[in-house]
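Fold and contact review
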Amino acid sequence: MEQLHTFEIKDQFYLDGNPFRIISGGMHYFRVLPEYWEDRLLKLKALGCNTVETVVPWNLHEPKKGEFDFTGEKLHGLTDLVGYVKLAQKLGLWVILRPSPYICAEWEFGGFPAWLLKDHNLRLRCDEPIFMQKVDAYFKRVFQEISPLQDTNGGNIIALQIENEYGSYGNDKAYLNHLREIMLQYGAQVPFFTSDGNNGNMLSGG
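Residues numbered from 1 in each chain as written. Predicted model: local features only at pLDDT ≥ 70, side-chain atom pairs only at ≥ 80, totals over all residues. Heavy atoms only, no water.

With respect to the nonpolar core
Grouped together as the largest cluster of nonpolar side chains are 52 residues, with contacts concentrated most on Leu41, Phe139, Ile157 and Leu160. Taken together, the elements giving at least two residues each to this core come down to helix H1 (37-46), strand S5 (51-55), helix H2 (58-61), helix H3 (81-90), strand S6 (94-98), helix H4 (129-146), strand S7 (157-161) and helix H5 (173-185). Among the elements that line this core, the one with the most residues is H4, at eight residues. Among residues more than four places away in sequence, those in contact with leucine 41 are Met27, Val52, Tyr84, Leu87, Ala88, Leu91 and Leu93. Counting six residues, the second-largest nonpolar core is a separate cluster that includes Phe20, Trp94, Ile96 and Ala159. (Core = buried A, V, L, I, M, F, W, Y, C linked by side-chain atoms within 4.5 Å. Buried < 20%, exposed > 50% of the residue type's maximum accessible area, 1.4 Å probe, protein only. Helix = DSSP H or I, 4+ residues; strand = E, 2+ residues; numbered from the N terminus. Contact = heavy atoms within 4.5 Å.)

A few points about the packing of aromatic side chains
Counted under the stated rule, the structure contains 15 aromatic pairs. Relative to phenylalanine 131, the ring of phenylalanine 112 has its centre 5.9 Å away and its plane inclined at 80°; by these criteria the two rings are edge-to-face. One end of the pair, phenylalanine 112, is in the loop between S6 and H4; the other, phenylalanine 131, is in helix H4, and 19 residues separate them in sequence. You'll find phenylalanine 112 and phenylalanine 131 in the same group, each marked buried. Seen in terms of ring centroids, tyrosine 166 and tyrosine 175 are 5.3 Å apart; in terms of plane orientation they differ by 55°. Their pairing is tilted. Given the relative accessible area of 3%, tyrosine 166 is considered buried. Residue class for tyrosine 175 comes out buried when judged on its relative accessible area of 0%. (Phe/Tyr/Trp six-rings, centres within 6.5 Å; stacked < 30°, edge-to-face > 60°.)

Dropping the structure here:
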């Protein structure tokens, strides 16, 4: 795959100096058995997509505090995030990654691990010190997996989402900026983006 150098000029992206339109379809790796990944990605490509988008569920990758799973050995391969991204690259697809901490995605507890609830004073989705310490530890481990897969390192990840539709929930800009700082600290190099609804409150909050 060509290396993607993304930067905005007016209203579009460029690939090696030429206008490039990102046409993305969502396919969450943990919702499809790994033996079907290639088939489904090829079908997505056949639809005309050049990019696949996926969220990363915290509760699957750290089911117990401090115990991480990115091998898929315990879940029939469903947590093999690196394998999924590399397969997409092999098939000629770019990847947009939404690494949490909150993913929504109609997924249990929005992707938060249940062990967070053991601290009854913990406040989620805000710049609360204890919560952010746990996010920091999780992101440190996640980025060990995904940093080498970024376009800037020869991989195919071209963008990273900060949180998820946060403007529908709150407006804690310190929280969003703190997430950005953590991601940069652990090696994020590709463009960031946020996803929010199209009304003023959602856009200003997120």
